[in-house]
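Residue-level structure breakdown
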Amino acid sequence: MNSTVRVRFAPSPTGPLHIGGVRTALYTFLYARKHQGTFILRIEDTDQGRYVPGAEDYIKEALDWLNIQPDEGPEIGGDLGPYRQSERKAIYKKYADEIIAKGNAYFAFDTPEDLGALRKEAEANKENFKYDASTRMSLKNSLSLSPDEVQNLMDQEAPYVIRLKVNPNEEVVFQDLVREEVRWSTNELDDKVLMKADGMPTYHFANIVDDHLMKVSHVIRGEEWLSSTPVHVLLYRAMGWEDTMPEFCHLPLILKPVGKGKLSKRDGAKFGFPVFPLDWVDPKTGEEVTGFREKGFEAEALLNFLALVGWNPGDNEEVMDINTMIEKFSIDRVSKSGGRFDYDKAKWFNAQYVQQGDEEDLATKLKPLAAQKGYEVSDDFLKGFVQLMKTRVTFVNEFLDEGYYFFEEVKAYDEKNLRKKWKEDKRAKFDLLYQRLDRINNFTEEVVETEVKAFLQEEELGFGAVLPILRIGLSGTLKGPSVFGMMELLGKEKTLNRLKKAYADFDKLLQNV
RNA sequence: GGCCCGUUGGUCUAGUGGCUAUGACACGGGACUUUCUAUCCUGGGACAGGAGUUCGAUCCUCCUACGGGCUGCCA
C-alpha cells in the first residue's frame with residue numbers, strides 16, 4: 001500500500017458547509033487515518049465574488065466539533081502552504097506562464113458579454129456554444145490573432161483570461177477508485193478558463209497546481225466533479241505532471257429524502273431537519289439555518305450516520321465509533337449510487353449514542369443545561385436522572401424537558417387519565433398508602449417497591465388502580481420511568497409532599513366537573 | 001438537447017453465474033411492564049423493464065426507461 005497518503009478536503013467558503021461536504025471530509029479523514037497519511041484542509045477561495053465572511057470559520061468550527069482534525073491547513077500550518085488559495089496567487093501565475101510557454105494554453109480577450117451573447121444565440125438555435133477547437137479560431141485570442149494584435153491588446157492592458165488548449169479527437173481515459181474506468185472524448189470538452197481576468201485562477205487550475213505542489217496522492221471529492229476530471233487529467237498532462245497525478249475517487253451524492261435532486265438547504269426547511277452541521281446566519285440575507293449540533297446531535301452519532309450513507313463495511317455492524325470506522329474504511333466499499341437522506345435513521349443513531357452513552361458523560365453534558373435553567377442539583381442526582389431517562393430520549397437536549405418534574409414542581413396533571421383512576425371509593429386507600437410510605441426509613445427503589453407491593457396485596461388492589469395515580473401525582477404525566485425509581489430519586493420528603501399536594505389537587509379537580 | 005455516472009424492499013445496504021436474496025431504519029403484530037420508552041421475538045415488503053450470452057442469470061453484454069451530475073472568467 002501507498003505509505004505516503006496525502007489527502008485533502010478543499011471546501012469553498014461561500015456559505016455554511018453542507019452535510020454532503022461533511023461526509024466528503026469524513027471519508028477523506030478516514031482514508032488518511034486508515035493509511036497513516038496526512039489530512040489537509042485547503043480553503044478554495046478563488047472566487048472573490050462569492051466569498052462569504054465567516055464561512056471559513058464555520059468550516060473550521062464544524063470540523064472541530066466533529067473532531068475531524070486536519071494535520072495541515074490554514075492556521076495549523078504545514079510545509080507545503082499556504083493553504084488558502086487566495087494567498088497563492090503568485091504561484092498560479094508562475095505555472096500559468098509555464099503552461100503558456102509550453103503551448104498548451106493561450107490568452108483569450110473575449111469579454112463575458114461577448115461570450116454571453118454567443119451562448120444566447122446558440123441557445124436560440126437549440127444549440128450549445130462551446131469555446132473549443134471548432135470555434136476558437138473565430139474568437140478573440142492569441143491563437144486566432146496575429147502576434148502584433150495580441151501584443152497590442154496586451155499593451156493596452158486589455159483584460160484577458162488564459163484558456164487550456166484542448167486538442168480535438170482524443171480520448172481521455174482515467175481510473176476512478178469507485179467508478180473504475182471512465183472515458184471521455186476531448187470533443188466533449190471545452191477550452192476551460194485557467195486564469196480569470198482578475199488574475200485569480202479558476203478552480204480547475206488552482207486545484208491541479210495545489211494538488212501537485214502539496215503532493216496529494218488521492219483526490220476524494222463529490223461526484224459533481226467527475227465531469228471536470230478529464231480536464232484535470234489534461235492539465236496534469238499539459239504541465240508534465242502526469243506521472244505523479246493523484247488517484248481519483250468520486251463519491252456518490254446525498255439525495256433529498258423524496259423527489260428529485262440532491263439534498264439542499266430547502267429540504268431542511270421543508271422537512272424540519274438540519275442539513276448543516278452548525279447553526280448559521282447568512283451575513284447578507286439574514287437567513288438562518290439550524291445545525292445538527294444545535295438540534296441536539298452528538299458529533300459521533302452524526303459521523304456514524306453519515307459514514308454509512310454511501311459506504312458500509314460489509315458486516316452487519318452499524319453502530320461504531322470513529323476508530324472502528326477508520327479500521328474498517330476502504331474506498332472499494334464505497335457505493336456508486338447516490339443515497340437518500342434518511343432523517344429517521346439519523347435520529348436512531350443519536351438515540352443509540354445516548355442510550356449506550358456513559359452516564360457520567362451524559363450527566364456532565366447536562367450540567368450546564370441544567371444550570372441554564374436554574375436547576376441546582378448534585379452530580380449524583382444528575383447521574384441518577386440520566387439513568388432513569390436515557391432510554392426515553394433521542395437527544396441530550398430532551399432530557400430536561402421530558403423530565404422537568406425532577407427539578408421543579410409538576411406544572412400540570414394529565415386530567416383525562418386522572419378522572420378514569422381517581423375513584424371516590426379508593427380515596428381512603430391512598431391516604432393509607434401515604435402513611436405507609438411515610439413509615440419507610442430507607443427510601444430506596446427496592447424498599448419502596450416491596451412496601452407498595454405488600455400494601456397492594458393486603459388491600460387487594462391492582463397495580464393499575466394505584467400506580468398511575470402515584471405517577472400523575474409525582475410527574476403529572478402517565479409516561480416516564482419506573483414510579484419507584486422516581487420516588488427514590490426525588491427522595492422521601494419531596495415524594496410525600498408531592499403526593500399530599502396531589503391528593504388535594506385531585507379532589508379539587510374532580511369536584512369541579 | 002449533448003456527454004458522463006448510476007439503478008437490490010419506502011430508505012440505507014450485503015450478496016453470488018445455481019441460496020427460501022443479508023442486515024439495519026421505518027411500518028404491522030406479539031412478549032415484558034404500573035405508563036412511555038428501551039429491549040426481545042415476529043410479520044409484510046426488493047434484484048427497473050426488454051432482449052441476448054449461458055444448461056442456468058440479480059450477477060456478463062446490449063437496448064429502453066428512470067434517477068443523478070456536468071454543460072460559467074462558480075466551486
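Residues numbered from 1 in each chain as written. Chains lettered and ligands numbered in written order. Predicted model: local features only at pLDDT ≥ 70, side-chain atom pairs only at ≥ 80, totals over all residues. Heavy atoms only, no water.

It is worth spelling out the overall build of chain A at this point. The number of helices and strands found in chain A is 21 helices and 13 strands. Rg of the C-alpha trace for chain A: 32 Å, well past the compact-globule value of 24 Å for 513 residues, more than 25% over. Each principal axis of the C-alpha distribution contributes one length, and for chain A these read about 110 × 50 × 35 Å. Within chain A, buried positions represent 49% of all 513 residues. Long-range pairs, those at least 24 residues apart, make up 71% of the contacts in chain A with a sequence separation of at least 6. (Helix = DSSP H or I, 4+ residues; strand = E, 2+ residues; numbered from the N terminus. Rg over C-alpha atoms; globule rule 2.2 N^0.38 Å. Buried < 20%, exposed > 50% of the residue type's maximum accessible area, 1.4 Å probe, protein only. Contact = heavy atoms within 4.5 Å.)

Taken as a whole and assessed by the stated rule, the structure comprises 39 salt bridges. Close ionic contact of Lys60 with Glu75 constitutes a salt bridge, the shortest N to O distance being 2.4 Å. Here Lys60 is found in helix α2 (residues 55-66), whereas its partner Glu75 is found in the loop between α2 and α3 (89-101), with 15 residues between them in sequence. You can call Glu75 exposed: its relative accessible area is 63%. (Salt bridge = Lys/Arg side-chain N within 4 Å of Asp/Glu carboxyl O.)

Attention now moves to the layout of surface pockets. Size it by volume and the largest pocket reaches roughly 1100 Å³. Lining the largest pocket are 39 residues, with Ser12, Thr14, His18, Gly21 and Glu224 sitting closest to its centre. Elements represented by at least two residues in the lining of the largest pocket include exactly β1 (6-9), α1 (19-34), α6 (203-213) and β8 (218-222). By residue number, the principal contributor to the lining of the largest pocket is α1, which donates 4 residues. Here the lining of the largest pocket is built from residues that sort into 16 nonpolar, 12 polar and 11 charged. Here the lining of the largest pocket spans two domains, since at least three of its residues come from each of domain 1 (6-72 + 207-254) and domain 3 (265-356). (1 Å grid on protein atoms, 1.4 Å probe; cavity = no way out; pocket = protein on both sides within 12 Å on 5 of 7 lines; lining within 4 Å. Points joined across faces, edges and corners; volume = space filled by probe spheres on them. Nonpolar A, V, L, I, M, F, W, Y, C, P; charged D, E, K, R; others polar. Domains from an automatic or database assignment.)

Under the domain assignment used here, chain A contains domain 1 (6-72 + 207-254), domain 2 (90-195), domain 3 (265-356), domain 4 (359-404) and domain 5 (409-513). Between domain 2 and domain 4, the C-alpha centre-to-centre distance is 61 Å.

The next point concerns the sheet that holds strand β4 (residues 161-164). Pairing is antiparallel across the open sheet formed by 3 strands, whose spatial order is β3-β4-β7. One side of each edge strand has no neighbouring strand; the edge strands of this open sheet are β3 (105-108) and β7 (193-195). Each adjacent strand pair in this sheet contributes to an overall mean axis angle of 45°, direction not counted. With 2 bridges connecting them, β4 and β7 associate as antiparallel partners. (Pairing = 2+ DSSP bridges. Axes fitted to C-alpha atoms, helices over the stretch in contact; angles between N-to-C directions.)

The subject of this paragraph is the side chain of Arg163. Mapped onto the elements, Arg163 comes out in strand β4. For the buried Arg163, no salt bridge is present, and the opposite-charge side chain at shortest range is Asp110, 5.0 Å distant. Here the side chain of Arg163 touches Asp191 through a polar contact of 2.7 Å, landing on its backbone oxygen. Contacts of Arg163, omitting those with residues within four sequence positions, involve Asn104, Ala105, Tyr106, Ala108, Leu115, Tyr131, Asp191, Lys192, Val193 and Leu194. (Lys, Arg positive; Asp, Glu negative; His and termini not counted. Polar contact = N/O pair within 3.5 Å; in protein donor to acceptor, adjacent residues only side chain to side chain.)

Turning our eyes to something else, we now look at the side chain of Glu72. Summarising the element assignment, Glu72 is placed in the loop between α2 and α3. When sequence neighbours within four positions are dropped, the list of residues in contact with Glu72 reads Arg6, Thr38, Phe39, Ile40, Leu41, Gly77, Gly78 and Tyr83.

Let us now look at α3. Compared with the 18 Å implied by 1.5 Å per residue over 13 residues, the 18 Å span of α3 between its first and last C-alpha is a close match. Contacts made by the buried residues of α3 are with β3, β4, β7, α6 and α7 (229-239). (Expected span 1.5 Å × (residues − 1).)

Over the atoms, a rolling probe the size of a water molecule traces out where space has been left empty. Here the structure, examined in full by the defined rule, presents 1 cavity of 30 Å³ or more. Estimates place the volume of the largest cavity at around 30 Å³. Lining the largest cavity are Lys265, Trp280, Asp282, Glu287 and Val289.

Moving on: the packing of aromatic side chains. Inspection of the entire model under this criterion finds 31 aromatic pairs. Ring centres of Phe271 and Phe273 lie 5.8 Å apart, and the angle between their planes is 5°; this geometry places the pair in the stacked category. Seen in terms of ring centroids, Phe305 and Phe349 are 6.3 Å apart; in terms of plane orientation they differ by 55°. Their pairing is tilted. Here the residue Phe305 occupies a position in helix α10 (residues 299-307), and Phe349 occupies one in helix α12 (residues 343-356), the gap between them amounting to 44 residues. Like Phe305, the residue Phe349 is buried in the burial classification. Through successive ring pairs, a cluster of aromatic residues spans Phe271, Phe273, Phe292, Phe297, Phe305, Phe341, Tyr343, Trp348, Phe349 and Phe395. Over the ring of Tyr404 we find Lys411, and its NZ or CZ is 4.5 Å from the ring centre. (Phe/Tyr/Trp six-rings, centres within 6.5 Å; stacked < 30°, edge-to-face > 60°. Lys NZ or Arg CZ within 6 Å of the ring centre and 35° of its normal.)

Taken together, Lys416, Lys420, Lys421 and Lys423 make up a surface patch of like positive charges. Note on placement: Lys421 falls in helix α16 (residues 415-421). For Lys421, a relative accessible area of 32% translates into the label partly exposed. (Patch = residues over 30% accessible without salt bridge, like charges linked within 9 Å, V, L, I, M, F, W, Y side chains within 5 Å. Areas by Shrake-Rupley, 256 points an atom, 1.4 Å probe, with all protein chains shown as cover. Charge placed at Lys NZ, Arg CZ, Asp CG, Glu CD.)

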